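Structural overview for review
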Amino acid sequence: MGRNFFVGGNFKLNPTTRAAKQALVKTLNEATVDPSVEVVIAPPALYVIPLRASLRADFKVAAQNCYEKSSGAFTGEISPEQLVDAEISHVILGHSERRTLFHETSEQVAAKTRAAISAGLSVILCVGETDKEREAGQTKQVVESQLQPVIQVLNEADWSKVVIAYEPVWAIGTGKVATSAQAQEAHADIRAFLSSQVSPSVAENTRIIYGGSVNAGNCKELAAQKDVDGFLVGGASLKPEFIDIINAKK
Ligand code: PEP
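Relative orientation of the contacting elements helix α5 (residues 106-119) and helix α7 (residues 139-153) amounts to 35 degrees, with a least axis distance of 8 Å. Of the two possible hands of crossing, α5 and α7 adopt the one that is right-handed. Note on element contacts: α7 touches α5 through Ser145, Gln146, Pro149, Val150 and Val153, opposite Ser106, Glu107, Ala110, Thr113 and Arg114.

Ordered in space as β1-β2-β3-β4-β5-β6-β7-β8, the 8 strands form a closed barrel in which the pairing is parallel. Sheet twist, expressed as the mean angle between neighbouring strand axes with direction ignored, is 25 degrees. In this structure, strand β6 (residues 162-166) lies alongside strand β7 (residues 207-211), joined through 4 bridges in parallel fashion. Looking at the pairing, Val163 lines up with Arg207 of β7.

Every one of the 14 residues lining the ligand counts as a neighbour, but Lys12, Glu167, Gly173, Ser213 and Gly234 are closest to it. A distance of 2.8 Å separates an oxygen atom of the ligand from a polar backbone atom of Gly234. The contact in question runs from an oxygen atom of the ligand to an N or O atom on the backbone of Gly235, over 2.8 Å. In isolation the ligand exposes 290 Å². Once the protein is present, 96% of that is buried. Across the shell around the ligand, the residue classes break down as 4 nonpolar, 8 polar and 2 charged.

So, about the nonpolar core. Membership of the largest hydrophobic core comes to 64 residues, with the highest contact counts inside it found for Tyr210 and Phe231. With 5 residues, the single largest contributor to this core is helix α8 (residues 180-197). Non-local contacts of Tyr210, meaning those with residues more than four positions away in its chain, are made with Tyr166, Pro168, Ala171, Val177, Ala178, Ala183, His187, Leu222, Val228, Gly230, Phe231 and Leu232. Core analysis: the next-biggest nonpolar cluster, separate from the first, contains 11 residues, Ala62, Ile92, Ile124 and Leu232 among them.

A word on the pattern of salt bridges. Taken as a whole and assessed by the stated rule, the structure comprises 15 salt bridges. Across the salt bridge formed by Arg207 and Glu38, the nearest N and O atoms sit 2.8 Å from each other. Linking Arg207 in strand β7 with Glu38 in strand β2 (residues 38-42), this pair joins segments that are 169 residues apart in sequence. The pair formed by Arg207 and Glu38 is uniform in burial state, with each residue classed as buried.

Structurally, Arg56 can be placed in the loop between α2 (48-54) and β3 (59-63). Within polar-contact distance, the side chain of Arg56 engages the backbone oxygen of Ala31 at 2.9 Å. The residues touching Arg56, leaving out its near neighbours within four places in the chain, are Leu28, Asn29, Ala31 and Val33.

Here we take up the environment of Tyr47. Mapped onto the elements of the fold, Tyr47 is located in the loop between β2 and α2. We classify Tyr47 as buried; its relative accessible area is 7%. Linking Tyr47 and Ser199, residues 152 residues apart in sequence, is a C-alpha distance of 37 Å. Those residues within four positions of Tyr47 in sequence are excluded, and the remaining contacts are Pro15, Thr16, Thr17, Arg18 and Lys21.

With that settled, consider the packing of aromatic side chains. Under the defined criterion, the tally for this structure stands at 3 aromatic pairs. Arranged with centres 5.0 Å apart and planes meeting at 45 degrees, the rings of Tyr67 and Phe74 form a pair that is tilted. The cationic tip of Lys21 hangs over the ring face of Tyr47; the distance from NZ or CZ to the ring centre is 5.4 Å.

Definitions and cut-offs
Residues numbered from 1 in each chain as written. Predicted model: local features only at pLDDT ≥ 70, side-chain atom pairs only at ≥ 80, totals over all residues. Heavy atoms only, no water. Axes fitted to C-alpha atoms, helices over the stretch in contact; angles between N-to-C directions. Helix = DSSP H or I, 4+ residues; strand = E, 2+ residues; numbered from the N terminus. Left-handed = near helix turned anticlockwise from the far one by under 90°. Contact = heavy atoms within 4.5 Å. Pairing = 2+ DSSP bridges. Near = heavy atom within 4 Å. Polar contact = N/O pair within 3.5 Å; in protein donor to acceptor, adjacent residues only side chain to side chain. Areas by Shrake-Rupley, 256 points an atom, 1.4 Å probe, with all protein chains shown as cover. Nonpolar A, V, L, I, M, F, W, Y, C, P; charged D, E, K, R; others polar. Core = buried A, V, L, I, M, F, W, Y, C linked by side-chain atoms within 4.5 Å. Buried < 20%, exposed > 50% of the residue type's maximum accessible area, 1.4 Å probe, protein only. Salt bridge = Lys/Arg side-chain N within 4 Å of Asp/Glu carboxyl O. Phe/Tyr/Trp six-rings, centres within 6.5 Å; stacked < 30°, edge-to-face > 60°. Lys NZ or Arg CZ within 6 Å of the ring centre and 35° of its normal.

So far we have only geometry, and geometry alone does not tell us how the molecule works.
This is how it looks when you write it as structure tokens:
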């Protein structure tokens, strides 16, 4: 099984008006893109249903988060079952902004991943180190500690529903992109970890995408790395250059 290129657009808490959201959808719907690329757009929760209704059918829609319970007294949360019922196929889990600003632990991220896959969603699972951790030579250790709780709760077959996003925290929204060598090294380490902790076939088939200040200018070199299977894009997913990023392999 090949690892087809995967590009996610994480709108974060943008845009602030429905009119601006519709303008973004228009740009996406009119774009000419490489048909072999899997494209997934993650708008704010409020917009997942209207986006699914108005977005071109060949692009998928993701939520930016979900809860691990299906229903109940959890004010403000959205469940995996509700997303599936709304015909949403993907969810981003463990984004660094959730881990830092909302104090999500790797164990919670693992519980959410388990629940999301059990409900029928695919998961974009984010991992990555801070600048201090990289400077201390702890990148591999940090990423493995974020992956380990997820590995504990998934079966081998579940991994076909996971895309791992390696997103160094120091590169997210900073304009400071990882070099292609840094990205390749981290991705190869993740693949080796999957091989030893899950199976060689899961390691071979799981897509590992890079996120952190990807733009039209740096995407081609990153995309050329052997273990870089796509991108998770924040800021640039709100701009027309997102189309160039989708077409980075062309
Ligand atoms: C992200 O939010 O996942 C991200 C990678 O952001 P940016 O592209 O803006 O660095």
